[in-house]
Amino acid sequence: MKNLNKLFENNCQKTTTIKLQGKAAVFWDRSGKFSGETIGKIIKFVNSVHKQYRNINVPIVFEFGSVLIADKLSYVIFECICYHLISVYHHRVYVYWDPQNDILTQGVFSSPLLLLNGMDNDKAKRYSNVFKMDIFGTHFRRLIPSENLSDNNYLGNLFKELDSFLKVFDIVEVYRDQITEVISELVGNAGEHGKSDCLLDIDVTHDHIKEKKSIRQEGQFYGINIAVLNFSEYLLGDGIKRKMNSDFSDTSRYDIVKQAYNYHKNYFNIDYGEDDFFNITALQDKISGRMEYEYAGGTGLTKLIKTLQDSADTDTCYMISGGRSVYFVRKLIEYDDKKWLGFNKEKNYLTAIPDEEVVSECLIYFPGTAYNLNFIMKREDKNEENRT
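Residues numbered from 1 in each chain as written. Predicted model: local features only at pLDDT ≥ 70, side-chain atom pairs only at ≥ 80, totals over all residues. Heavy atoms only, no water.

(A) Structural detail: the packing of helix H8 (residues 252-264) against helix H9 (residues 274-282). Direction vectors running N to C along H8 and H9 enclose 150 degrees, while the axes themselves pass 11 Å from each other. Classed by the angle they form, the pair H8 and H9 counts as roughly antiparallel. Crossing of H8 against H9: the hand is right-handed. Mapping the contact onto sequence places Val257, Ala260, Tyr261 and His264 in H8 and Glu274, Phe277, Phe278 and Thr281 in H9. (Axes fitted to C-alpha atoms, helices over the stretch in contact; angles between N-to-C directions. Helix = DSSP H or I, 4+ residues; strand = E, 2+ residues; numbered from the N terminus. Parallel < 35°, antiparallel > 145°, perpendicular 65-115°, else oblique. Left-handed = near helix turned anticlockwise from the far one by under 90°. Contact = heavy atoms within 4.5 Å.)

(B) Local environment of the packing of aromatic side chains. Going through the model one piece at a time under the given rule, you end up with 27 aromatic pairs. Considering the side-chain rings of phenylalanine 78 and tryptophan 97, the 5.8 Å spacing of their centres and the 65 degrees angle between planes classify their relative orientation as edge-to-face. A residue pair is termed long-range when its members are at least 10 positions apart, and phenylalanine 78 in helix H3 (residues 72-87) and tryptophan 97 in strand E4 (residues 93-99) qualify at 19 residues. Both residues of the pair, phenylalanine 78 and tryptophan 97, count as buried. (Phe/Tyr/Trp six-rings, centres within 6.5 Å; stacked < 30°, edge-to-face > 60°. Buried < 20%, exposed > 50% of the residue type's maximum accessible area, 1.4 Å probe, protein only.)

(C) The arrangement of H8 in detail. The terminal C-alpha atoms of H8, which comprises 13 residues, lie 18 Å apart, in line with the 18 Å expected from a rise of 1.5 Å per residue. What H8 keeps buried is the set Arg253, Tyr254, Val257, Ala260 and His264. Across the axial projection of H8, the buried residues extend over an arc of 110 degrees, all falling on one side. The elements touched by buried residues of H8 are helix H7 (238-244) and H9. (Expected span 1.5 Å × (residues − 1). Arc of directions from axis to C-beta.)

(D) Quick look at the sheet that holds strand E5 (residues 133-136). The six strands lie next to each other as E5-E6-E7-E10-E12-E11, forming an open sheet whose pairing is antiparallel. The two strands at the open ends of the sheet, each matched to only one other strand, are E5 and strand E11 (314-327). Ignoring which end each strand starts from, the neighbouring axes of this sheet average 15 degrees apart. Of the pairings in the sheet, the one linking E11 to strand E12 (residues 359-378) comprises 12 bridges and is antiparallel in character. Paired with serine 325 across the strands is serine 360, a residue of E12. Across the sheet, helix H5 (residues 152-167) is in contact with E5, strand E6 (139-144) and strand E7 (198-204); its angle to E6 comes to roughly 170 degrees. (Pairing = 2+ DSSP bridges.)

Now the structure itself:
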């Protein structure tokens, strides 16, 4: 996967001494939690192994015990790390853990990581193959090479496959269409902003019950969990930043971006900075970071996400790029009458900064752009549907 090495290069904290245990380098974490913080520790561990055992291809073991995974993106990034260790460094990699069954991360039970609980050469090859492509049960995955991101025939066939996959789960047609549109935008953005390979991973959970204050809620609920990521030297907002600093001829929409920047920069601080501004600008409608386009690009992505959020009982949606995160807070995704998105209660992009719950520091530096989208939907009552 292109540029995955940048994940290690851009998170080069001071390394620690690693003592081999039975000729293997062992990473232990018994905190019971697996999140971006864990990923940061793993990267530091791997960098330490490679610094200390530069000329020895030692086996690497990850031990977690029972663990609650924060979200889908967390374990997908871990899958990427293991893929890099196996395919580039040719390490034998072992993963021993017992993930808790949660609607937001149930996809881990169809993850290629399952192949790493006891490794041989065949499993190493299978891991690499499944990492790149898998349609099995409730799991859909594709590693899309960068050269295919502009191939309309390839992408058209991919989205047909995705729609066929979703049909199996009796997902309402309008939801299927919205999900495919979101994926189309995300994959397209990976080509436009990242110019690198794009990893797409989706799982649809089995039915779950829901409790609120220990009281079981009526109906059955299922999760649609999506991770889309690319590793790249380009961050989400870089294109817009370059465009604003160039001699690009203004249109009224880009002129407003410049006006907004001149206002927002007065409020830049440790919690909200220039990178945050350009990230939320890259998510605006009809705004593109590509120099050759004035109107095309931009995205209707946030609008599509909001539509799914409004259909969902619960959602957890965010984006990371570089050292910053943007959270798609449902109540704050509201456009003004000129289609600007303020990410704030004021619905004001031009003269109000995003609410504090929208932007934050990322627990790692992510070279590229990654999205975590979780939608918990209430199962439609077919009898009721047939009566209407």
